[in-house]
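Spelled out from the first residue to the last, the chains are:
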Amino acid sequence: MEIQEHTLKDGSVIEISRDGNHQYRVNNGPKMSNVTSMTHSLSDGDTFGIAVRWATNIIRDTNNFDGALLAQEEGRMGGEMLHSAVQDYIDNGVISEDSETFVAWLQTAGKLEQQGLSWVTSERFVYHPDLNYAGTVDAISIDLEGNIAIWDWKTKQRDSWERNGPYLSEQAQLAAYATALKAMGSRWVPTKAYIMYVMRDGSYTDTREVDIKKGMELFLASQAVYNLVKERSKKK
């Protein structure tokens, strides 16, 4: 169980906890589902076909029927390593040169910092008091004009990224986080939201701005489907 204190704009402090199943509580209240679990209904085109082609290519290239599973696990672990390295950099100023993805991230982050961007905090728990969802924001930044932005890091296989690009679920996820920060009365109210896609081979990054309004519309539609399925499953 992880517990964070979050200072609101009125000066009050709340506690947000996250358990091993990524369910959240505020001040030890009822559990709230996480944002990512609510966005599974969003898909872009033939996602099943994309997954089949990806798995087929992995099996062909590795000559191993378990290659797709191993690649998926390596991707998950690589994403966790990137998040950990970025958090250590933002919170403690530690630079890890062991990770290709982090080095690629740092090159882009360095350019942003030269333009006046500063990192405020990382890996922050957020929640929406009315819509009953929660999640973790990868990072929060502030620029020279005092504008707050939130960030999310995604690792991608280069060939898959160049064929398929970003997913709607990723945009909905970040828009939900931005909306939650405002709704919960946080001292950090973002006006911008960005996703930095980092290629797993460290070759480059691609930063995309998220339209918060449109992304939130997507999230609300996906949340409605999630709640409907959850309610029907209780009746069985």
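A. Spatial organisation of helix α6 (residues 168–183). An ideal rise of 1.5 Å per residue puts 22 Å on 16 residues; α6 measures up with 22 Å between its terminal C-alpha atoms. Within two residues after α6, Gly 185 carries a phi angle of roughly 75°, on the positive side.

B. Focus on the pairing of strand β1 (residues 2–7). With 6 bridges joining them, β1 and strand β2 (residues 13–18) adopt antiparallel strand pairing. Counterpart to Glu 2 in the pairing with β2 is Arg 18. The hairpin formed by β1 and β2 contains 5 residues between the paired strands, and Gly 11 there has a positive phi angle of roughly 95°.

C. The pattern of salt bridges, seen in detail. All chains considered together, the criterion is met by 6 salt bridges. Between Lys 156 and Glu 170 there is a salt bridge, with the nearest N and O atoms lying 2.7 Å from each other. Of the two residues, Lys 156 is situated in strand β7 (residues 148–156) and Glu 170 in helix α6; the sequence distance between them amounts to 14 residues. Taking relative accessible area as the criterion, Lys 156 reaches 13% and is therefore assigned buried.

D. Region of interest: the confidence of the model for the chain. Per-chain confidence: the chain averages 87 in pLDDT, with 83% of residues scoring 70 or above. Note on residues 45–59: pLDDT is under 50 here. Beyond four places in sequence and across chains, it has 15 contacts. Of the regions scoring below 50 in pLDDT, residues 67–71 engages in 8 contacts with residues more than four places distant in sequence or in other chains.

E. Representation of unusual backbone geometry in the model. The phi dihedral of Asn 27 is positive, around 50°, even though this residue is not glycine. Among the structural elements, Asn 27 can be located in the loop between β3 (24–26) and β4 (33–34). You will see that Asn 132, though not glycine, has its phi angle at about 60°, which is positive. Within the element layout of this structure, Asn 132 appears in the loop between β5 (118–128) and β6 (133–142). By relative accessible area, which is 40% here, Asn 132 ends up partly exposed.

F. Highlighting the sheet that holds β1. The 3 strands lie next to each other as β1-β2-β3, forming an open sheet whose pairing is antiparallel. The open sheet terminates on both sides in strands that have one partner only, identified here as β1 and β3. The average angle at which neighbouring strand axes cross in this sheet is 25°, direction not considered.

G. Looking closely at the nonpolar core. Grouped together as the largest cluster of nonpolar side chains are 36 residues, with contacts concentrated most on Ile 16, Tyr 127, Tyr 133, Ile 150, Met 184 and Phe 219. In terms of residues, this core owes the most to one element, α6, which gives 8 residues. For Tyr 127, the contacting residues outside a window of four places in its chain are Ile 14, Ile 16, Val 26, Met 32, Tyr 133, Ala 134, Ala 180 and Met 184. Counting 18 residues, the second largest nonpolar core, distinct from the first, contains Phe 102, Leu 117, Trp 119 and Met 196.

H. How the structure looks around helix α4 (residues 100–114). Between the first and last C-alpha of α4 there are 21 Å, a value that for 15 residues agrees with the 21 Å anticipated at 1.5 Å per step. Listed in full, the buried residues belonging to α4 are Thr 101, Phe 102, Ala 104, Trp 105, Thr 108, Ala 109, Gly 110 and Leu 112. Just beyond α4, the residue with positive phi is Gly 116, at close to 105°.

I. Highlighting the environment of Arg 158. Residue placement: Arg 158 occurs in helix α5 (residues 158–164). Note on Arg 158: relative accessible area 36%, which makes it partly exposed. Those residues within four positions of Arg 158 in sequence are excluded, and the remaining contacts are Met 199, Asp 201, Ser 203 and Tyr 204.

J. Fine view of the side chain of Asp 152. Within the fold, Asp 152 resides in strand β7. Apart from the residues within four sequence positions on either side, Asp 152 is in contact with Asp 138, Gln 173, Leu 174, Tyr 194, Ile 195 and Met 196.

K. The arrangement of the pairing of β2 in detail. In this structure, β2 lies alongside β3, joined through 3 bridges in antiparallel fashion. Within β3, the residue paired with Arg 18 across the bridge is Tyr 24.

Calculation rules
- Residue indices follow the written sequence of each chain, beginning from 1 at its first position.
- Thresholds applied to this predicted model are a pLDDT of at least 70 for local features of residues and 80 or more for the giving and counting of side-chain atom pairs; totals over whole chains, interfaces and linings are not thresholded and use all residues.
- The side-chain figures draw on all heavy atoms in the structure; neither hydrogens nor water molecules are used.
- To qualify as a helix, a DSSP run of H or I must reach at least 4 residues; to qualify as a strand, a run of E must reach at least 2; elements of each kind are numbered from the N terminus.
- Here, expected helix span is obtained from the residue count minus one, scaled by 1.5 Å.
- Whether two strands pair depends on DSSP finding at least two bridges between them.
- One speaks of a salt bridge when a side-chain nitrogen belonging to Lys or Arg is within 4 Å of a carboxyl oxygen belonging to Asp or Glu.
- Exposure is judged per residue with a 1.4 Å probe applied to protein chains only, and the accessible area is read against the type maximum: over 50% gives exposed, under 20% gives buried, and values in between give partly exposed.
- The quantity known as pLDDT measures the predictor's confidence residue by residue, on a range of 0 to 100.
- Two residues qualify as a contact provided that any one of their heavy atoms is within 4.5 Å of a heavy atom in the partner residue.
- Working convention: axes come from line fits to C-alpha atoms, limited for helices to the stretch in contact. Angles between N-to-C directions cover 0 to 180 degrees.
- Working definition of a nonpolar core: buried Ala, Val, Leu, Ile, Met, Phe, Trp, Tyr and Cys residues. They are joined through side-chain atoms within 4.5 Å.

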